[in-house]
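Descriptive structure summary
For reference, the chains in residue letters:
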Amino acid sequence: MTTNAAVLEARNLSRTLDQPGGPKSLLRNIGFRLDQGQVLAVLGPSGAGKSTLLRMLNRLDEPSSGAVLLQGADTREMDPRNLRRRVGMVMQQAYLFPGAAAANVRYGPAQHGIILNDSQVADLIQQVGMAGYQDRDVATLSGGEAQRISIARALANQPEVLLLDEPTSALDDVSKQEIERLLATLVRERNMTCVWVTHDVAQARRVSDLVLKLEAGQAVGFGTSQELLHA
Amino acid sequence: MLDLLFHTQMSLGLGQAAAVAVLAIIVAQFAARRGAKIGREIPLVLLRGIVQILLVGFLIAAMLRGPWWTGIPVLIVMIFIAATIVRRRVPELPGAYTLSLLCMAAGAGGVLTVMTLLGIVEPKIIILIPVGSMVIAQNMNIQSLFLNRFLGEVRSHRGEIESALALGAAPEHAAESYLYASFHASLIPAIDNLRSLGIVWIPGMMAGMVLSGTSPIYAALYQFVILSMIFIAGAVSCLTATYLVPRRIFTPQQQLRRLT
Ligand SMILES: Nc1ncnc2c1ncn2[C@@H]1O[C@H](COP(=O)(O)OP(=O)(O)OP(=O)(O)O)[C@@H](O)[C@H]1O
Ligand SMILES: [Mg+2]
């Protein structure tokens, strides 16, 4: 590992599906590198391949070719479980596990043999603005509250990189703003490296340092958000 | 004397079969007039049914003259056929045939072997074939129920399962609660059969034994034994499946396959 390795690097990432009626290309030759604390916004219309790209970064989907490097190391050489602890993900919906909020927050660390104590759990829940909600049954949470717990659940693993797949697009306007602000603050405070998928150009302008524009599986623009969005 | 009885029993049986067949056809004709599309189908189904079951009757009659162990290959073939039927119920599951074959070999196969070795199932063709086929047929239903339910759960909880994977969960652990839920659901009918035994229904096997002159008390006990075997076979096969099925729905890279 070299000292100046990027925190996260994608090299010529492609994903093609073998389908009856010929192979279908979902994503072609995508590349980028992110240094510590940089936020990359991935923009593009529905079906452009944004989620596909994100899911290859924590290996929920398998790249057909190309490579993903985490701190300079090829992620194909890693145990997927270890990779996924280091590269956290928040999806469009919270997908909380039935039970209490605290159990959701404890889930990730428990998968790696770490049992969070009550004050660590309280701390994480407080950081997402849900202080005192440890014992709440997640079935009774609103969409915005559930999303906050899912963010705490992802942060509990202390990931080095955070992947966000349209984390605000299933929410009402007020929650949308609140969750965006919460995520932006958490990412800045922790100097986290982040890939943030959105189809909202204004949101990308507010939260990102770099921008990757996708269309029909191809990169149609890559640069700083200054160049691409503030022109 | 015995010859004479056999003769009357045979003709009696044929007469009974003809009578119910005629009745069924009459009912089907009425139904057809009300617009149900079974009028033409029914005579054919009846014919097919009687030919199939008569063939089995002849087969058992022939096997009765040979040694009891000729029943073993017959039951093994039944398990293979049952596995093809389970596969047809879950075509989206890769390797469903081998999976259900292994599970039912462990379930129905294991239970029948142990019960025969213990002498609970007597090694006689007249017992082995009917009891074995009942256990295998029910095991097949329980197995399909389990796989069907599990795949349904996985399909409707992709988000939760992938969220668990994304937090670093092992695939088996990510799917665990859906495995348990399906395990329970698939055994409910077998459990309810035991619960309602004698109260809501008197099973066909017992009715048959009583009809053929066995003591009703012994027939009752035997029926209990059979239902328990069905439960045990189902539980063992589904338990085996809980170990084997995660490997079929996840890739070696611990990704959830798309089941279409
Ligand atoms: N397993 C799959 N089988 C078939 N098609 C797939 C599969 N996975 C993704 N696709 C297709 O790949 C394309 C890209 O999907 P993806 O989910 O990455 O888009 P997206 O940019 O995230 O869209 P959205 O904004 O709607 O979330 C879509 O056309 C989708 O239908
Ligand atoms: Mg998407």
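Details of the structure are given in the entry above.
Residue numbering note: each chain is counted from 1, following its sequence as written. Key to labels: chains lettered from A, ligands numbered from 1, both in the order written. At least 70 in pLDDT is required for a residue's local features to be given in this predicted model, at least 80 for side-chain atom pairs to be given and counted, and no such filter applies to totals for whole chains, interfaces and linings, which use all residues. In computing side-chain properties, one takes all heavy atoms of the structure into account and sets aside hydrogens as well as water.

All names here are of chain A. Taken N-terminus to C-terminus, the directions of helix H3 (residues 101-111) and helix H4 (residues 118-127) make an angle of 100°; their axes are 10 Å apart at the nearest point. Taken as axis vectors, H3 and H4 run roughly perpendicular relative to one another. Here Ala101, Ala102, Val105 and Arg106 of H3 lie close against H4, whose contacting residues are Asp118, Val121, Leu124 and Ile125. In this classification, Asp, Glu, Lys and Arg are treated as charged, Ala, Val, Leu, Ile, Met, Phe, Trp, Tyr, Cys and Pro as nonpolar, and every other residue, Gly included, as polar. Looking at the contact of H3 with H4 residue by residue, the classes come out as six nonpolar, no polar and two charged. Axis lines are fitted through C-alpha atoms, for helices just across the contact stretch, and the angle between N-to-C directions can take any value from 0 to 180 degrees. Numbering of helices and strands starts at the N terminus; helices are DSSP runs of H or I of at least 4 residues and strands are runs of E of at least 2. Between 65 and 115 degrees an angle is taken as roughly perpendicular, under 35 as roughly parallel, over 145 as roughly antiparallel, and anywhere else as oblique. Any two residues whose heavy atoms approach within 4.5 Å at even a single point are treated as in contact.

Let's shift gears to the interface of chain B and chain A. Of the residues lining the interface, 17 residues belong to chain B; the matching set on chain A comes to 24 residues. The buried area of a pairing is the accessible area, by a 1.4 Å probe, that goes missing from both parts when the two are put together, added over both. By the criterion of area lost to chain A, the three top residues of chain B are Ala166, Leu167 and Gln255 of chain B, representing 34% of everything that side buries. The rule for a salt bridge is simple: a side-chain nitrogen of Lys or Arg has to be within 4 Å of a carboxyl oxygen of Asp or Glu. At the boundary of chain B and chain A, one finds one salt bridge. Across the pair arginine 55 of chain A and glutamate 162 of chain B runs a salt bridge, and its minimum N-O distance is 2.7 Å. Under this definition, polar contacts are N or O atom pairs within 3.5 Å; protein pairs additionally need one hydrogen-donor-capable and one acceptor-capable atom, and for neighbouring residues in sequence, both atoms have to be side-chain atoms. Taken together, the connections running from chain B to chain A amount to nine residue pairs in polar contact (both at pLDDT 80 or more). Mapped onto the side of chain B that touches chain A, the elements with two or more residues apiece are helix H6 (158-166) and helix H7 (171-195) of chain B. Here the side of chain B that touches chain A is built from residues that sort into seven nonpolar, seven polar and three charged.

Once that is clear, we can look at the site of ligand 1. By convention in this text, a residue qualifies as near a molecule or strand provided that one of its non-hydrogen atoms is within 4 Å of it. Near ligand 1 lie 14 residues; those nearest to it are Ser46, Lys50, Ser51 and Thr52 of chain A together with Arg258 of chain B. Close to ligand 1, residues of chains A and B are found. At 2.8 Å, a side-chain N or O of lysine 50 of chain A approaches an oxygen atom of ligand 1. Contacts to ligand 1 include glutamate 166 of chain A, whose side-chain N or O atom sits 3.1 Å from an oxygen atom. Contributions of two or more residues to the shell around ligand 1 are made by strand S2 (24-34) and helix H1 (50-57) of chain A. No other element matches H1 of chain A, which puts three residues into the shell around ligand 1.

This brings us to the packing of aromatic side chains. Residue and element names in this part refer to chain A. Centres within 6.5 Å make a pair out of two Phe, Tyr or Trp rings, where for Trp the six-membered ring is used; the pair is then stacked when the planes are under 30 degrees apart, edge-to-face when over 60, and tilted otherwise. The final tally for this structure, using the stated rule, is three aromatic pairs over all chains. Relative to tyrosine 107, the ring of phenylalanine 97 lies with its centre 4.4 Å away and its plane at 45°, an arrangement referred to as tilted. Placement of phenylalanine 97 in the loop between strand S6 (87-90) and H3 and of tyrosine 107 in helix H3 is noted, with a sequence separation of 10 residues between them. Note on classification: 1.4 Å probe, protein chains only; a residue is buried when its accessible area is under 20% of the maximum for its type, exposed when over 50%, partly exposed between these limits. Given the relative accessible area of 13%, phenylalanine 97 is considered buried.

Moving on to the side chain of glutamine 203 of chain A. Relative to the assigned elements, glutamine 203 of chain A resides in helix H7 (residues 201-207). On the accessibility criterion, glutamine 203 of chain A (3% relative accessible area) is buried.

These results come straight from atomic positions and should not be treated as a statement about function.
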